[in-house]
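Here is how the chains run, residue by residue.
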Amino acid sequence: MTAQLINGKDIAAKKRVEIAKEVQILKGNGITPGLAVILVGNNDASKTYVRNKEKACQELGMNSLLIELANGVPEQELLAKIEELNDDPAIHGILVQLPLPDHIDERKVIETISPLKDVDGFHPINIGRMMTGQNAFLPCTPYGIMVLLDETGITVEGKHVVIVGRSNIVGKPVGQLFLNQNATVTYCHSKTKDLKLHTRQADIVVAAVGIPNFITADHIKEGAVVIDVGINRNEAGKLCGDVKFDEVSEKAGFITPVPKGVGPMTITMLMYNTLKSAAESLNQ
Ligand code: GUN
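Quick summary incoming for the structure in this document. (Residues numbered from 1 in each chain as written. Predicted model: local features only at pLDDT ≥ 70, side-chain atom pairs only at ≥ 80, totals over all residues. Heavy atoms only, no water.)

Notes on the nonpolar core
Argument step 1. Within the largest apolar cluster, 52 residues are counted, with the highest numbers of intra-cluster contacts made by Ile145, Phe178, Val206, Ile227 and Met271.
Argument step 2. If we skip the residues at most four places from it in the chain, Phe178 touches Ile145, Met146, Leu149, Val156, Val161, Ile163, Ala183, Val185, Ile204 and Val206.
Argument step 3. Within the second largest apolar cluster, 20 residues are counted, among which are Ala36, Leu69, Ile91 and Ile94. (Core = buried A, V, L, I, M, F, W, Y, C linked by side-chain atoms within 4.5 Å. Buried < 20%, exposed > 50% of the residue type's maximum accessible area, 1.4 Å probe, protein only. Contact = heavy atoms within 4.5 Å.)

Encoded structure:
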């Protein structure tokens, strides 16, 4: 392997120490950051994510409140719960775990969360504020990617970044964060013709398509930075990313592994956003 590994686990651990210190300072000012997580239904992956979020809160000295609702909960009941949390001064962050059952309108749910407590950064007000470079809650996975690069000493300004994938949660916002840092950004997606033509020009490739081993060495310029956002299971049931790690790591300059790459940063930035919300509540 020639590429240098970007160790998300270590960088996340370092950031969590910094966040835990800030939590203690806030507690000294009488505020304990509180995160409410709403889980609807019985999705096993969602349950694991939610458990990890609770664990992270405990480790960093924050309060967490888990609200579990049945799969068939009426939409109105979920919206009323969110309104209640919007008005609760002990709660600084509200996260509704996605995906939601089909009978619930995801947009309506996201837009009911107060933008001041939207620690996922999914509310259109936070997205708009991010796009215009104002103070905002940044979505956790894109934010985590920017912190990984910064902590690794990789400059973004002037670089050509190619994003593969255009989801609302990762692809679209991460491109915006790169643009905010003066990168040149190309978005590629399932309808892109000749994907390799684009990715081979990239100084930084972000793979966020959700297809195991989709990005091969052939897609990558020698020495490029490769960020793998994928969390997939291969045929053998083993966790793998969107990047064919064995061959791409022979060609790239830097690469994030799966697991222990981008993944640990997502919850870390959620904790950071909850801390930020609690700190900002002092001035409201
Ligand atoms: N489901 C998968 N990723 C996420 C996330 O970042 N936030 C929420 N709320 N749900 C998710």
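Now that the structure is up, let's keep going.
Some words on the pattern of salt bridges
Argument step 1. For the structure on display, the rule yields eleven salt bridges.
Argument step 2. In this structure, the salt-bridge partner of Arg107 is Glu111, at a minimum N-O distance of 3.8 Å. A residue pair is termed a helical-turn pair when its members lie 3 or 4 positions apart in one helix, as Arg107 and Glu111 do in helix H4 (residues 106-112) at four residues.
Argument step 3. For Glu111, a relative accessible area of 42% corresponds to the partly exposed category.
Argument step 4. With its nearest N and O atoms 3.0 Å apart, the salt bridge here joins Glu280 to Lys276. Highlighted residues: Glu280 and Lys276, both in helix H10 (residues 263-281), separated by four residues, approximately one helical turn.
Argument step 5. Accessibility expressed as a relative area gives 25% for Glu280, which makes it partly exposed. (Salt bridge = Lys/Arg side-chain N within 4 Å of Asp/Glu carboxyl O. Helix = DSSP H or I, 4+ residues; strand = E, 2+ residues; numbered from the N terminus.)

Some remarks on the packing of aromatic side chains
Argument step 1. Under the definition given, this model contains one aromatic pair.
Argument step 2. Relative to Tyr272, the ring of Tyr143 lies with its centre 5.8 Å away and its plane at 80 degrees, an arrangement referred to as edge-to-face. Taken together, the positions of Tyr143 in helix H6 (residues 140-152) and Tyr272 in helix H10 put the pair 129 residues apart, joining distant regions of the chain.
Argument step 3. Judged by its relative accessible area of 18%, Tyr143 falls in the buried class.
Argument step 4. Overall, the relative accessible area of 29% leaves Tyr272 in the partly exposed class.
Argument step 5. Seen from the ring of Phe137, Lys276 lies directly overhead, with NZ or CZ sitting 5.7 Å from the centre. (Phe/Tyr/Trp six-rings, centres within 6.5 Å; stacked < 30°, edge-to-face > 60°. Lys NZ or Arg CZ within 6 Å of the ring centre and 35° of its normal.)

Focus: unusual backbone geometry
Argument step 1. The residue after Leu98, namely Pro99, is reached through a cis peptide bond having omega 0 degrees.
Argument step 2. Within the secondary structure, Pro99 sits in the loop between strand E4 (93-96) and H4.
Argument step 3. The amide bond that connects Val258 to the next residue, Pro259, takes the cis arrangement and shows omega of 0 degrees.
Argument step 4. Along the polypeptide, Pro259 turns up in the loop between strand E11 (254-255) and H10.
Argument step 5. The residue Lys260 is not glycine, and still its phi comes out positive at about 75 degrees.
Argument step 6. Along the chain, the position of Lys260 falls in the loop between E11 and H10.
Argument step 7. Assessed through its relative accessible area of 47%, Lys260 is described here as partly exposed.

Let's talk about the site of the ligand
Argument step 1. The immediate surroundings of the ligand are formed by Leu95, Val96, Gln97, Leu98, Asp120 and Phe122.
Argument step 2. Within the side chain of Gln97, one N or O atom sits 3.2 Å away from a nitrogen atom of the ligand.
Argument step 3. One of the backbone nitrogen or oxygen atoms of Leu98 is found 2.9 Å away from a nitrogen atom of the ligand.
Argument step 4. Looking at the shell around the ligand residue by residue, the class counts come to four nonpolar, one polar and one charged. (Near = heavy atom within 4 Å. Polar contact = N/O pair within 3.5 Å; in protein donor to acceptor, adjacent residues only side chain to side chain. Nonpolar A, V, L, I, M, F, W, Y, C, P; charged D, E, K, R; others polar.)

Side note on the sheet that holds strand E7 (residues 204-207)
Argument step 1. The sheet built from six strands is open, its strands ordered E1-E11-E8-E7-E5-E6 with parallel pairing. Here the strands that pair on one side only, and so sit at the sheet edges, are strand E1 (4-5) and strand E6 (184-188).
Argument step 2. Most of the contacts of helix H7 (residues 171-180) go to E6, to which it runs at about 165 degrees, and overall it touches strand E5 (160-164), E6 and E7. (Pairing = 2+ DSSP bridges. Axes fitted to C-alpha atoms, helices over the stretch in contact; angles between N-to-C directions.)

Quick notes on the sheet that holds strand E3 (residues 63-69)
Argument step 1. Pairing is parallel in the open sheet, where three strands are placed in the order E3-E2-E4. The open sheet has two edge strands with one neighbour each: E3 and E4. Pairs of neighbouring strands in the sheet enclose a mean axial angle of 15 degrees, with direction left out of account.
Argument step 2. As paired elements, strand E2 (residues 34-40) and E3 share seven bridges and run parallel to each other. Looking at the pairing, Gly34 lines up with Asn63 of E3.
Argument step 3. Sheet contacts for H10: E2 and E4; angle to E2, the most-contacted strand, approximately 125 degrees.

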